[in-house]
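Spelled out, the chains give:
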Amino acid sequence: MTFRARHLLGIEHLHPTEITTLLDLADKYADQTRNGTVDKTVLAGMTQINMFFENSTRTQASFEIAGKRLGADVMNMAMQASSIKKGETLIDTALTLNAMHPDLLVVRHPNSGAVDLLAQKVNGAVLNAGDGRHEHPTQALLDALTIRRAKGRLHRLSIAICGDIAHSRVARSNIMLLGKMENRVRLIGPPTLMPSGIGEFGVEVFDNMEEGLKDVDVVMMLRLQKERMDGGFIPSEREYFHRYGLDAAKLAHAKPDAIVMHPGPMNRGVEIDGNIADDINRSVIQTQVEMGVAVRMAAMDLLAQNLRASRQAEVMA
Ligand code: NCD
């Protein structure tokens, strides 16, 4: 078996062959979606519950569409930010839902580690849709598929991740995935937005865009995650844009065919110039969204296969 995981909690524990297996299947789903040839029975009979304890546009919609496209019964729990309670409450919620026998549980939570904790309490397969600053595995996978389709490969590329690295689960999952696939990762941002102990990640760190972007193949911009900041990390948004915002002049330092990425939501004029984001010759931001659905279809398909196999094994035992 080339994809053995029971849950998709992070990139950290995935083997490069598991990543490739998932991306190959997602690639197929992306083409089938464009051609209208997706098999709607792949997840037939499976119940998928989406639990988002934190706001989301893309990720939640993407998981819902992915499940429906493969024929799952999808239910969205309305988790308002105001009702977030930690510890026992999360586990109680998990146990309550577990009693209804969901097969696939998609969970986003503001606390790092909360999704792992929940996964220990339920029988179905859990997919992490982002936990605090920790991991956002499907985002890193959809970024990887977007890069692979644009560049024709996912190794020996030079990739710059820019901006608020410290608060970003997207950056963390991407650093791990891109490293596992043997790419060179550069992090660019103000020192106040670099996580401590960044040296251990095997990346190069820059606090100057012009230097950091020199000759890179991929430029990945990140939002300033103000909801995770508790003080003055940047002098002002204007000053930030001037030094770290991606505009044509800074992008000119990257390779002439470098692609521009952003996981969204974007703050135009803060981390990225709107004209760059909309430039169809450079920006693959909409492709990222498209690949997001395909990656989530593949992830749920593979986890559902493993779930069926383990249930079968239990029946036989
Ligand atoms: C990101 C997230 O929620 O981690 N967005 C996303 O899932 N596409 C990044 C962000 O919030 O800035």
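Being a predicted model, the structure only gives us computed values, none of them experimental.

Engineer: Would you take a moment to explain the overall build of the protein chain for this structure?
Structural biologist: Helix and strand content of the protein chain: eleven helices and nine strands. Computed over the C-alpha atoms, the radius of gyration of the protein chain is 19 Å, within 12% of the 20 Å expected from 2.2 N^0.38 for a compact globule of 317 residues. Seen along its three principal axes, the alpha-carbon backbone of the protein chain occupies a region of about 60 × 40 × 35 Å. In the protein chain, which comprises 317 residues, the share counted as buried stands at 54%. Taking the intrachain contacts of the protein chain between residues at least 6 apart in sequence as the baseline, contacts between residues at least 24 apart amount to 75%. For the protein chain, the accessible surface area stands at approximately 14000 Å², while carbon and sulfur atoms represent 50% of it. Charge separation in the protein chain, taken as the distance between the mean sites of 36 positive and 38 negative side-chain charges, equals 2 Å.

Engineer: Can you walk me through the pairing of strand 6 (residues 184-188) in this structure?
Structural biologist: Most of strand 6 sits inside the fold, with four of its five residues counted as buried. Here strand 5 (residues 158-162) pairs with strand 6 via five bridges, running parallel. Paired with S158 across the two strands is R184, which belongs to strand 6. The parallel pair strand 5 and strand 6 is bridged by helix 6 (residues 169-180), and the resulting crossover is right-handed.

Engineer: When you look at the side chain of D103 in this model, what are you seeing that I'm missing?
Structural biologist: As for its placement among the helices and strands, D103 is situated in the loop between helix 3 (88-98) and strand 3 (104-109). Looking at D103, the relative accessible area reads 8%, which means it is buried. Reaching out from D103, the side chain makes a polar contact with the side chain of R311 at a distance of 2.9 Å. The residues touching D103, leaving out its near neighbours within four places in the chain, are G45, M46, T47, G124, A125, L307 and R311.

Cut-offs used in this document
- Residues numbered from 1 in each chain as written.
- Predicted model: local features only at pLDDT ≥ 70, side-chain atom pairs only at ≥ 80, totals over all residues.
- Heavy atoms only, no water.
- Helix = DSSP H or I, 4+ residues; strand = E, 2+ residues; numbered from the N terminus.
- Rg over C-alpha atoms; globule rule 2.2 N^0.38 Å.
- Buried < 20%, exposed > 50% of the residue type's maximum accessible area, 1.4 Å probe, protein only.
- Contact = heavy atoms within 4.5 Å.
- Areas by Shrake-Rupley, 256 points an atom, 1.4 Å probe, with all protein chains shown as cover.
- Lys, Arg positive; Asp, Glu negative; His and termini not counted.
- Charge placed at Lys NZ, Arg CZ, Asp CG, Glu CD.
- Pairing = 2+ DSSP bridges.
- Right-handed = clockwise from strand over helix to strand, strands pointing away.
- Polar contact = N/O pair within 3.5 Å; in protein donor to acceptor, adjacent residues only side chain to side chain.

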